[in-house]
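Here is how the chains run, residue by residue.
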Amino acid sequence: IEIILFAQLRPLAQVPAWEFFSLERVFVYLLLFTSLFSFFTGMLFTVAVSWLKRAQHNDTTTLMAHAYIFESLGSFFAGCLATLLIAHLFAPLAIFSLAAVFFSLVAFMVSLRYRQVPAVTLNFLAFIFFLVAAFNQASVLNLAQSVRIKNIFPAGEFVSEINTPYQHIFVTQLADQTVIFSNGEVLTSIPNAVDADKEAALLMAENPAAENVLVIGYGAENLINALLQFPLKKIIYCLEDKVYYQVV
C-alpha cells in the first residue's frame, strides 16, 4: 500500500509532473504515508508482546526485551536477504510479494492455532491473494509500470524498465526522443545535440590540445557523441553501474 501511495504521490498532492515538488509539501506527505507503515509495525510489536505474555506469563520487561531482540534479528536477516535479491536484480515488487506470501502464511497458521474464525478467513484470503500475485509477477510489474509512467511522464510511451544494484532505470519514448529516468527523475534525453555540442565546445576550449578525455557519471551519452567530433585519441567513460551501461 505504501508503494502504491508513493507512486501516486504527485496526483494525490496535485503537483504536475513538470512542477517542482516543494520541500514543505514533500515533508507533509512523507509524514502521512510513512506514519501508516510505522503504526502497523508498532501495532505488530505490541500484539506480539501481548501474545507472549499470555503464553509465557513472564514479567513485561523481559517479554519486551525478548520480543525486541528477536524482531531486530528478524529485521537484520530479512534486510540481508532483500539486499541479496536486489543485488541479483529482482524487482522490488517481486520481493515484497514473496515477503507478503510468507507473512500471510505465518498469520494464517497463528490464527489457526488460536481458532479465531474471522482471522483464519481473512488471513487465508490474504495468503491466496498474495500467492496469486507472486505467481503473476508480469501483471504486477505491468500495473506498476503503467502507474509510474502516468505520473512521471504522461506524454511518453513506455519502452523498458530495468532494476540495477544501484538504481531503477525507466526508459520512455516521446516522438524521436528517448527519455531515461533514474529513480523517478529525468536523467537524460537522447539525442540532444544542441546542449551537448555547447558543453563539448566549452570543455575543449579549456584545452584545445587535449587528446584523452575521461567522462565520469551517468547521462553523458550526448556529451560523448559531441566529443567524437573533435580529434581525440581516446574517450574513457567511467561508470559504477555496468547494467546501466549495457542497457543505455
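In this report, we go over the structure that sits alongside the text. (Residues numbered from 1 in each chain as written. Predicted model: local features only at pLDDT ≥ 70, side-chain atom pairs only at ≥ 80, totals over all residues. Heavy atoms only, no water.)

Regarding the pairing of strand β1 (residues 157-163)
- Both β1 and strand β2 (residues 168-174) contribute to a ladder of 6 bridges, which runs antiparallel. Bridge pairing in β2 places Phe-158 opposite Thr-172.
- Connecting the antiparallel pair β1 and β2 is a turn made up of 4 residues. (Pairing = 2+ DSSP bridges. Helix = DSSP H or I, 4+ residues; strand = E, 2+ residues; numbered from the N terminus.)

A look at the packing of aromatic side chains
- For the structure on display, the rule yields 8 aromatic pairs.
- The interplanar angle of 65° and the centroid separation of 6.1 Å between the aromatic rings of Tyr-29 and Phe-33 together place this pair among those described as edge-to-face. One end of the pair is Tyr-29 and the other is Phe-33, both in helix α3 (residues 23-56) and 4 residues apart, which spans about a single turn.
- Under the relative-accessibility criterion, Phe-33 is labelled buried at 3%.
- Ring centres of Phe-129 and Phe-130 lie 5.3 Å apart, and the angle between their planes is 70°; on these two criteria the pair is classed as edge-to-face.
- Of the residues examined, Phe-129 reaches a relative accessible area of 56% and is grouped as exposed. (Phe/Tyr/Trp six-rings, centres within 6.5 Å; stacked < 30°, edge-to-face > 60°. Buried < 20%, exposed > 50% of the residue type's maximum accessible area, 1.4 Å probe, protein only.)

Here we look at the environment of Asn-151
- Tracing the backbone through its elements, the reader meets Asn-151 in helix α7 (residues 137-152).
- For the pair formed by Asn-151 and Ala-7, sequence separation is 144 residues and the distance between their alpha carbons is 7.4 Å.

Re α3
- For α3, built from 34 residues, the straight-helix expectation of 50 Å at 1.5 Å per residue is met to within 8% by its first-to-last C-alpha distance of 48 Å.
- Within α3, the axis deviates most sharply at Ser-35, by approximately 25°.
- Where the residues of α3 are buried, they touch α1 (2-7), α2 (9-13) and α4 (60-87).
- Downstream of α3 by one or two residues, His-57 has phi in the positive range, about 60°. (Expected span 1.5 Å × (residues − 1). Bend = angle between axes of the 7 residues up to and from the residue. Contact = heavy atoms within 4.5 Å.)

A closer look at the packing of α3 against α4
- Running from amino to carboxyl end, α3 crosses α4 at an angle of 130°, the nearest separation of the two axes being 9 Å. Considering their axes alone, α3 and α4 lie oblique with respect to each other. The way α3 lies across α4 gives a crossing that is right-handed. Taken together, the residues of α4 that come into contact with α3 (itself represented by Thr-41, Phe-45, Val-49, Leu-52, Lys-53 and Gln-56) are Thr-60, Leu-63, Met-64, Ala-67, Tyr-68 and Glu-71.
- Grouping the constituent residues of the contact of α3 with α4 by class yields 7 nonpolar, 3 polar and 2 charged. (Axes fitted to C-alpha atoms, helices over the stretch in contact; angles between N-to-C directions. Parallel < 35°, antiparallel > 145°, perpendicular 65-115°, else oblique. Left-handed = near helix turned anticlockwise from the far one by under 90°. Nonpolar A, V, L, I, M, F, W, Y, C, P; charged D, E, K, R; others polar.)

Topic: the pattern of salt bridges
- Summed over all chains, the structure comprises 1 salt bridge.
- Note that Lys-233 is salt-bridged to Glu-211, the shortest N-O span being 3.5 Å. With Lys-233 in the loop between α9 (221-227) and β6 (234-238) and Glu-211 in the loop between α8 (193-206) and β5 (212-216), this residue pair connects regions lying 22 residues apart in the sequence.
- The exposure class assigned to Lys-233 is exposed, which follows from its relative accessible area of 66%. (Salt bridge = Lys/Arg side-chain N within 4 Å of Asp/Glu carboxyl O.)

Re the packing of helix α5 (residues 92-114) against α7
- The contact between α5 and α7 brings their axes to 10 Å, and the two run at 125°. Classified by the interaxial angle, the pair formed by α5 and α7 is oblique. Crossing hand, α5 versus α7: right-handed. Across from Leu-93, Ala-94 and Ser-97 in α5, the residues of α7 making contact are Gln-137, Val-140, Leu-141 and Ala-144.
- Among the residues making up the contact of α5 with α7, the classes are represented as 5 nonpolar, 2 polar and no charged.

Remarks on the layout of surface pockets
- As a volume, the second largest pocket reaches approximately 180 Å³.
- Along its surface, the second largest pocket is lined by Ala-48, Trp-51, Leu-52, Ala-55, Val-110, Arg-113 and Tyr-114.
- Broken down by secondary-structure element, the contributors of at least two residues to the lining of the second largest pocket are α3 and α5.
- Top element by residues in the lining of the second largest pocket is α3. It accounts for 4 residues.
- Across the lining of the second largest pocket, the residue classes tally to 6 nonpolar, no polar and 1 charged. (1 Å grid on protein atoms, 1.4 Å probe; cavity = no way out; pocket = protein on both sides within 12 Å on 5 of 7 lines; lining within 4 Å. Points joined across faces, edges and corners; volume = space filled by probe spheres on them.)

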